[in-house]
Amino acid sequence: SSHRCSKFAGGVRPRRGPRRCQRADRASAMIQTHLGPVPLRRPRDPEKIALHLQKEKGAVRTIGKSWLQAKKGKEDDHAQLYRSALMQSMMIAATQMDLQDLNGRVAVNPDTGMRWTPQEATAREDMLKAKKQQMRMGTAPVPMRRLSTQQGIAKQSIILQKHICMKRRSRTGTIKLEYFVIDTGKLKIFHSPTDFAKVKTVYDLADVECRYENVAMPGIGEPFYSEYKDRVKVQLRERPHGPLYLYADDGPTARRWERAIKMSKYLVSASDKEALAFVVGRLAGSVMNKGWQALFTYSKEMIDTKHTVKNLAMRLLRVDISRGWTKARLVYVQQIESEKKRKEQQEYAAKFLKEKMERIGSQAARNPKLVRQNMVHQIQTKFRQYRQEKIFDRNYPLGSSVATRVQQAQAGTTMGSAFGSVTRDDALHLVLNDDSRLLLKTRPEIFCSKKSTYSEVNVPVCHLGVNVSESFSMLSFTELDEDPELTHLAKEGWAHFVNLDQISSVILHSERKSNSKGSRSELSPSMTKGVWFTINGPRVCWCRKLRTYVDSKTREVRKDLVGATNPLIVGNCLAQGQRLRWFKVVVQVRSSSIPVVKLVRDEEEDLFEDVHLDRPGRRDNRSGGERHTQMVLYLLGRKFTSDFVLGDNPVYPGRFEAEVPISYDEKALAALDECSVGVDIVERTEGSDSGSVIYAGKIPLWKVYVTEPGIAERLHNVVHEGLGEDVTEEVVSLAETLNSSPGRVSKTIALSPPSTGLDIIAPARIELEVNARVQESMESTRCISPELQGRGPVTSLFTSHRGAWFDPKLGEAKFFASRVANFIELAVGELHFPDADKVDQSKLFRYHIVAE
């Protein structure tokens, strides 16, 4: 009996007896648990049925485990038998469930929704029992057609409707009417619209071009057929001579055809087509799908009802622990939800970080043009905000009394200046060869330019008024008149000028200029402070110079070319990175004497008392204590500054080197003969790190190496242009003296204080050790600056050159000062560093690059 399988939770079986067995037979079996007794499932007898198939007519099988397993040797016919037996068993189960519902408390007619009357219930029960018996005996029909397979789906598919298509024949060019259907990525063409018409041609739609056309569209080549207004134009690869026109009854249908043709290229494999056919079959057999869905819904309702009744019974039996169980269950559910939420958040965070890292890895650098635009926009925005705040607080510095840079440049200023130029004829003599110079003498008009670009004058060191013209095309300078009321007359009409587009370089902290008076330099007291800068025009030549002198016999001014034969070879070699010779000069200070200045008047004038220099060791009462002086050395266009040294006989430390390129011509050094070695002695001003010049002096390079006493006897009378006095000197070229001397000499330079119109007793001096030599370049290429190359506006970096700017609104070589850029952008391509550099492991980077 069934109660023999029951047991208690503790594992002790109940006592057996006839009375307990009879009670168990009358009532359903129960299982005792810690939550109370639970009814067991009623025992069921195995069901025996006779199979419906003709081959197995009369064969009886018991429904149980593995009852549909195929027999050996009959695996081929097992599929049909399996489907038939499964369908037969499911129909028996469905009939049994109808009987249970009919015998239950709720017996409702599904067609009317009313309860069955006793007569109807009895008649239906007899009918269901007869049907069940027929199913057991295998005599009732089994609806096998509802079991859909791939072959069945193909048979159950609906017959597609045929539509009109038009095409033009390739040979005759006439229009032909045919019919078509679109089926599983294929375009099938028929002769007639009947259901049983044979397929004439099949086209693959995987690689075609199609377009929807309407009768109202412009540019339609082929006219529409009959009264149709919508069609699809299909260009096939098999028909290059003309397209097919598929006519639809309305626009939406034509649009769907177009979308279906375009989507046909995605149905490339047989599996995709079979899957699509399966979906179509499922949609076609929707009645069977609804039956299965109703069966599953009914089963789920029965299971849910039993589960709910069981839970209700247990709640009623265990009311005392129900509340605690409910609370514990809610706490447990809350913990489970929290853990689930935490895992979801972790997965989301990991996914978010992964996507962000992938996006960063695939993200390209911003466009330089966009970065530049954003930078300029930020600068403009911040400046506007600053300007508005300062204007509101009435603290904006650029008021009505403040002049801009442009206004200041046009107004001009007065400064100590000097101007030297090379005339047009001299410049042509420097660069032309012998034949061209002969042509210059015979036909000078062919070398004349239409417009002068600078004033061919030489102005000594003095105070000049310097300003920029209103058109920003030239730099004007004029000598100041003694009468201040007449100064404005010389500002524009009588001023000298230099075109701004002819400036090749501007050198800051250049050599201090001074006028020559006899054998010494004359330094103006008003020019002992400040910084000098030099503005250079285009470079004319290299290693060549025009030396001007007066013939002692004929008293005529003559000009001789000295230096290299080819005046452009050095510039070409520098631009192409070829090897050159370099003239190198090294200077060191051996001794110096910088006394306190004592000046006396002429004996004929008795306005001043006679004074003389202090003796060594004594200090001037007006000097205010010990002096700190500094030496500034000018050598081959370079400026060197020493440290401040205390005392009257200082030895300025340092080893000063300068070098310039020269050609391989033996006479190239002659162009450097008159390059001067200049010395300024600067005294520190109290309370400041800077100072003023108290002594200055210079000497040309050729005089440094003139040491033979017999040379003075061979000197001729030479008058240098611009000095205005006779000088009995003859220049001895460095090309001669360096070949005969070792190159290391000591030279004493006399230093003069600022000119005050008084005579100087025992001026200061400084002794220099000079070492000059010509050597080969150790490197194949060297970095040179535009100032050294000096070939005009092409090699310059200054915004004042009109030739370097182009404004599409103004035209070529024209610009406004307000449109000239006020910043420089450097685009760095590649940086190469030596592989032997050591790496500091404590730093994150090896190099730190700063652009200033």
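These numbers come from a predicted model, not from an experiment. (Residues numbered from 1 in each chain as written. Predicted model: local features only at pLDDT ≥ 70, side-chain atom pairs only at ≥ 80, totals over all residues. Heavy atoms only, no water.)

A. Structural view of the overall build of the chain. Tallying secondary structure elements over the chain gives 16 helices and 34 strands in all. By sequence separation, contacts in the chain at least 24 residues apart represent 58% of the contacts at least 6 residues apart. Surface exposure of the chain reaches about 59900 Å², of which carbon and sulfur atoms provide 53%. (Helix = DSSP H or I, 4+ residues; strand = E, 2+ residues; numbered from the N terminus. Contact = heavy atoms within 4.5 Å. Areas by Shrake-Rupley, 256 points an atom, 1.4 Å probe, with all protein chains shown as cover.)

B. Quick look at the sheet that holds strand β15 (residues 496-499). Spatially, four strands are ordered β12-β13-β14-β15 in an open sheet, and the strand pairing comes out antiparallel. The open sheet has two edge strands, β12 (413-419) and β15, and neither has a second partner. Within the sheet, the average angular offset between the axes of one strand and its neighbour, ignoring direction, is 40 degrees. The sheet contact formed by strand β13 (residues 459-468) and strand β14 (residues 474-479) spans five bridges and is antiparallel. The residue bridging V466 from the neighbouring strand is F477, located in β14. (Pairing = 2+ DSSP bridges. Axes fitted to C-alpha atoms, helices over the stretch in contact; angles between N-to-C directions.)

C. Local environment of the confidence of the model for the chain. Of all residues in the chain, 73% attain a pLDDT of 70 or more, and the chain-wide mean is 76. For the chain, per-element mean pLDDT is lowest for helix α1 (residues 18-26), which scores 44, and highest for strand β10 (residues 230-235), which scores 94. Under a pLDDT of 50 for its full length, residues 146-157 has, in the predicted model, 12 contacts with residues more than four places off or in other chains. Contacts for the low-pLDDT stretch residues 599-624, under 50 throughout, to residues beyond four places or in other chains number 34 contacts. (pLDDT = per-residue confidence, 0-100.)

D. Just the environment of L646, in detail. Among the structural elements, L646 can be located in strand β26 (residues 645-646). Expressed as a C-alpha distance, the spacing of L646 and R627, which sit 19 residues apart in the sequence, is 5.8 Å.

E. Structural detail: the environment of P193. Mapping P193 onto the fold places it in the loop between β7 (186-190) and β8 (199-204). Residue P193 is classed as partly exposed on the basis of its relative accessible area, which comes to 43%. In sequence terms P193 and H163 are 30 residues apart; their C-alpha atoms lie 7.5 Å from each other. Those residues in contact with P193 that lie beyond four places of it in its chain are K162 and Y179. (Buried < 20%, exposed > 50% of the residue type's maximum accessible area, 1.4 Å probe, protein only.)

F. A look at the packing of aromatic side chains. Applying the stated criterion to the full structure yields seven aromatic pairs. Seen from their ring centres, F180 and W257 are 5.1 Å apart, and the 85 degrees between their planes marks the pair as edge-to-face. Linking F180 in strand β6 (residues 175-183) with W257 in helix α5 (residues 251-263), this pair joins segments that are 77 residues apart in sequence. F180 sits in the buried class, given a relative accessible area of 1%. Just above the ring of F190 sits the side chain of K162; from NZ or CZ to the centre is 4.7 Å. (Phe/Tyr/Trp six-rings, centres within 6.5 Å; stacked < 30°, edge-to-face > 60°. Lys NZ or Arg CZ within 6 Å of the ring centre and 35° of its normal.)

G. Quick peek at a nonpolar patch on the surface. A surface patch of nonpolar side chains, about 340 Å² in accessible area, is lined by V506, L508, F533 and I535. Listing elements by their share of the nonpolar patch, those giving two or more residues are β16 (505-508) and β19 (533-536). Note that I535 resides in strand β19. Judged by its relative accessible area of 40%, I535 falls in the partly exposed class. (Patch = residues over 30% accessible without salt bridge, like charges linked within 9 Å, V, L, I, M, F, W, Y side chains within 5 Å. Salt bridge = Lys/Arg side-chain N within 4 Å of Asp/Glu carboxyl O.)

H. Fine view of the environment of D551. Secondary-structure assignment places D551 in the loop between β20 (544-550) and β21 (557-563). Contact partners of D551, with chain neighbours within four places excluded, come to E556 and R558.

I. Main features of empty space enclosed by the protein. Tallied over the entire structure, the rule returns two cavities of 30 Å³ or more. Roughly 80 Å³ of internal volume is contained in the largest cavity. Every residue lining the largest cavity is counted, 13 residues in all, and those nearest its centre are R512, S514, D680, A696 and G697. Going through the elements one at a time, β28 (676-684) and β29 (691-700) are the ones with two or more residues in the lining of the largest cavity. Partitioning the lining of the largest cavity into residue classes produces four nonpolar, four polar and five charged. (1 Å grid on protein atoms, 1.4 Å probe; cavity = no way out; pocket = protein on both sides within 12 Å on 5 of 7 lines; lining within 4 Å. Points joined across faces, edges and corners; volume = space filled by probe spheres on them. Nonpolar A, V, L, I, M, F, W, Y, C, P; charged D, E, K, R; others polar.)

J. Structural detail: the side chain of E178. Following the sequence through the fold, E178 ends up in strand β6. A distance of 3.3 Å separates the side chain of E178 from the side chain of K176, its partner in a polar contact. Here the side chain of E178 touches K200 through a polar contact of 2.8 Å, side chain to side chain. When sequence neighbours within four positions are dropped, the list of residues in contact with E178 reads H163, I164, C165, K167, I189, F190, H191 and K200. (Polar contact = N/O pair within 3.5 Å; in protein donor to acceptor, adjacent residues only side chain to side chain.)

K. Here's a closer look at helix α13 (residues 569-576). Turning to α13, its buried residues are V570, G571, C573 and L574. Viewed along the axis of α13, the buried residues span an arc of 165 degrees, placing them on a single side of the element. Exposed and oriented more than 90 degrees from the buried face of α13 are A575 and Q576. Just beyond α13, the residue with positive phi is G577, at close to 75 degrees. (Arc of directions from axis to C-beta.)

L. Local environment of the sheet that holds β8. The strand order β8-β7-β6-β5-β11-β10-β9 describes an open sheet built from seven strands, whose pairing is antiparallel. Each end of this open sheet is capped by a strand with a single partner; those strands are β8 and β9 (209-214). The mean angle between the axes of side-by-side strands here comes to 30 degrees, regardless of whether they run parallel or antiparallel. Looking at chain direction, β9 and β10 are connected through six bridges and run antiparallel.

M. Structural view of unusual backbone geometry. The phi dihedral of F472 is positive, around 55 degrees, even though this residue is not glycine. Inspection of the secondary structure puts F472 in the loop between β13 and β14. Look at F472 and you get buried, because its relative accessible area is 16%. Despite not being glycine, H509 has its phi angle at roughly 55 degrees, a positive value. By the secondary structure assignment, H509 is in the loop between β16 and β17 (515-517). On the basis of relative accessibility, which here comes to 45%, the residue H509 falls in the partly exposed class.

N. Looking closely at the side chain of R544. Relative to the helices and strands, R544 is located in strand β20. Here A564 takes part through its backbone oxygen, which lies 3.2 Å from a polar atom of the side chain of R544. A distance of 2.4 Å separates a polar side-chain atom of R544 from the backbone oxygen of T565.

O. Layout of the pattern of salt bridges. Applying the stated criterion to the full structure yields 25 salt bridges. E222 is paired through a salt bridge with R168; the nearest N and O atoms lie 2.7 Å apart. Residue E222 is located in the loop between β9 and β10, and its partner R168 is located in strand β5 (residues 163-168); the two are separated by 54 residues in the primary sequence. Taking the relative accessible area as the measure of exposure, R168 reaches 34% and is therefore partly exposed. Salt-bridge contacts for E657 lead to K584; the nearest nitrogen and oxygen are separated by 3.4 Å. With a gap of 73 residues between them, E657 in strand β27 (residues 656-662) and K584 in strand β22 (residues 581-593) connect regions that are remote in the sequence. Each member of the salt-bridge network shares a partner with another, and the members are K167, K176, E178 and K200.

P. Broad picture of the nonpolar core. Ranked by internal contacts, the top residues of the largest apolar core, which has 47 residues, are F583, M631, V679, I681, L751, I766 and L768. For L768, the residues in contact, after removing those within four places along its chain, are V587, Q588, V589, V677, V679, V745, S746, K747 and I749. The next biggest cluster of nonpolar side chains, apart from the first, holds 18 residues, and it includes Y203, A248, W257 and I261. (Core = buried A, V, L, I, M, F, W, Y, C linked by side-chain atoms within 4.5 Å.)

Q. Layout of the state of the cysteines. What the rule picks out here adds up to zero disulfides. Of all cysteine sulfurs in the structure, the one in C541 sits closest to C543, which takes part in no disulfide; the separation is 8.5 Å. The exposure class assigned to C543 is buried, which follows from its relative accessible area of 13%. (Disulfide = S-S within 2.5 Å.)

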